Every structure is written in C-alpha cells, then in structure tokens.
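Coordinate inspection notes
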Amino acid sequence: MAGDAPMSASDVYSNLPSMSDTQATPIPEQEPGHAPASTDAEALTQVQAELAELRAKSAELADQFLRAKAEAENARRRAEDEISKARKFAVESFAESLLPVTDSLEAGLTIKDATPEQIREGAQATLRQLNAALERNKVIAINPAAGTRFDPHQHQAISVVPAEQEANTVVSVLQKGYTIAERVLRPALVTVAAPK
C-alpha cells in the first residue's frame, strides 16, 4: 500500500484479534486405544460379524420356540384324543360287560312254560351276572348293615324311627346305593335310629 506509513511490530500486534475474542478449534486428539482410520474399518467389520452372529442365534432361538410351541400343541391334541378314546372305550367295555345279562334275560323270556322256581333261578343267575359286570366296572353297592353309623356322604335318611340301638345308626336299607371308583352315584336310602 503505497502511501501508507510502514507499520511497526507493535501496530501489527495491536491489530490482531486477541485470543479471548476467537474460538479455538481443537485439534482432535486420539483417545487412548483408538486406532487410526484403517483399524476403524476392522472394528466395523468385527461389529458387523457380531451382529450377523447375534441375528443367527436369534433366528435359531425363534425356530426352537416355534418347534417347542408346535410340540406342545401336538401333545395337547394327543392328550385330548387319548381322553376321548378312553371315554369311548370305557363305555364300550361297560356295555360289553352288560351283554351277557341281556342274553340271559332274552333266554329267560323264550321259555314259554317256565315254572315260578325256574323263573326265580333264572332271575338270580341274571342278577349275579349283572352284579359281576358292575363290579368289573368299579360300580360297588352301598348296603350298610343295621347298626352302621349313618354317613351323610353315602346314606340318605328317609325317616328317623325309634329303635333299640344307638342313635344315628342305620336301622334298615330301603334301597341300595352305588359308588363308582369311590364316588357316590346314588346314596343308599335308609331309616335311622332316633335319639333316645
């Protein structure tokens, strides 16, 4: 600049902005253990490999879950089928055990000139067959003897009668009861001794 007076060094320094007026751009420092750009690519490759491995494990676990769920569903269906078959065949077995009773009754009805004694013997034989069929299928009679303690779970009191025995004991059975597999089908109808 031609007409300007030369600037002294103090003039140059006074025209420079002070450090407090400017923001310093920091020079990025490398963190300890941080690799240069070439190892960043290696780290990225390693992370991508780990991600692929985790995705494969996730897919494997999802597949195992679906298989376990399908197996549980199949087991449930098999159990339902087995229960259904058990019910069906239990009824079939019970019906099969009653067929000889039916045969005996039909045979008794074909005899035209049966005596009362023959009819009685035939009825007793048929009753034995029926009782045997019921017992095979776990149907057991409830027929308490006189003097047995009244059990409201197995007996139904029809009346309370005066008797020469302990109170709340069975005096007589009006109708047998029955259980099946220890569950009451029908309580025995009984008379019970009255308190004295």
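Residues numbered from 1 in each chain as written. Predicted model: local features only at pLDDT ≥ 70, side-chain atom pairs only at ≥ 80, totals over all residues. Heavy atoms only, no water.

1. Quick notes on the overall build of the chain
In terms of regular secondary structure, the chain is built from three helices and six strands. Start at the N end of the chain and walk to the C end: the helices and strands fall as α-α-α-β-β-β-β-β-β. Contacts in the chain between residues far apart in sequence, at least 24 positions, make up 61% of those at least 6 positions apart. Accessible surface, the chain as shown: approximately 16,000 Å² in total, 58% of it carbon and sulfur. (Helix = DSSP H or I, 4+ residues; strand = E, 2+ residues; numbered from the N terminus. Contact = heavy atoms within 4.5 Å. Areas by Shrake-Rupley, 256 points an atom, 1.4 Å probe, with all protein chains shown as cover.)

2. Regarding the sheet that holds strand E4 (residues 177–180)
Strand order in the open sheet formed by three strands is E1-E4-E5, with antiparallel pairing between adjacent strands. If you trace the sheet from one side to the other, it starts and ends with strand E1 (139–142) and strand E5 (183–186), each paired once. Taken pair by pair, the neighbouring strands of this sheet meet at an average axis angle of 35°, ignoring direction. Relative to E4, E1 runs antiparallel, the two sharing four bridges. Each residue of the ladder has a partner; that of Ala141, found in E4, is Tyr178. (Pairing = 2+ DSSP bridges. Axes fitted to C-alpha atoms, helices over the stretch in contact; angles between N-to-C directions.)

3. Details of helix H3 (residues 116–136)
Here H3 is 21 residues long and its end C-alpha atoms lie 30 Å apart, about the 30 Å a rise of 1.5 Å per residue gives. Among the residues making up H3, those that are buried are Thr126, Ala133 and Leu134. Buried residues in H3, looked at end-on, bunch into an arc of 95°, giving them a common side. Residues of H3 that are exposed and angled more than 90 degrees away from the buried face: Arg120, Arg128, Glu135 and Arg136. (Expected span 1.5 Å × (residues − 1). Buried < 20%, exposed > 50% of the residue type's maximum accessible area, 1.4 Å probe, protein only. Arc of directions from axis to C-beta.)

4. Considerations on the side chain of Ser97
Summarising the element assignment, Ser97 is placed in helix H2 (residues 37–110). Separated by 2.9 Å, the side chains of Ser97 and Asn137 make a polar contact. Among all residues touching Ser97, those that are not within four sequence positions of it are Ala133, Arg136 and Asn137. (Polar contact = N/O pair within 3.5 Å; in protein donor to acceptor, adjacent residues only side chain to side chain.)

5. Focus: the pattern of salt bridges
Scanning all chains against the criterion turns up seven salt bridges. Its salt-bridge partner being Asp63, residue Arg67 comes within 2.9 Å of it at the nearest N-O pair. A residue pair is termed a helical-turn pair when its members lie 3 or 4 positions apart in one helix, as Arg67 and Asp63 do in helix H2 at four residues. By relative accessible area, Arg67 is classed as exposed at 59%. For the salt bridge of Glu73 with Arg77, the shortest nitrogen-to-oxygen distance reads 3.7 Å. (Salt bridge = Lys/Arg side-chain N within 4 Å of Asp/Glu carboxyl O.)

6. With respect to the pairing of E5
Sheet analysis places E4 next to E5, joined by three bridges and oriented antiparallel. Across the sheet, Tyr178 pairs through a bridge with Arg186, a residue of E5.

By themselves, these observations are geometric and do not establish any function.
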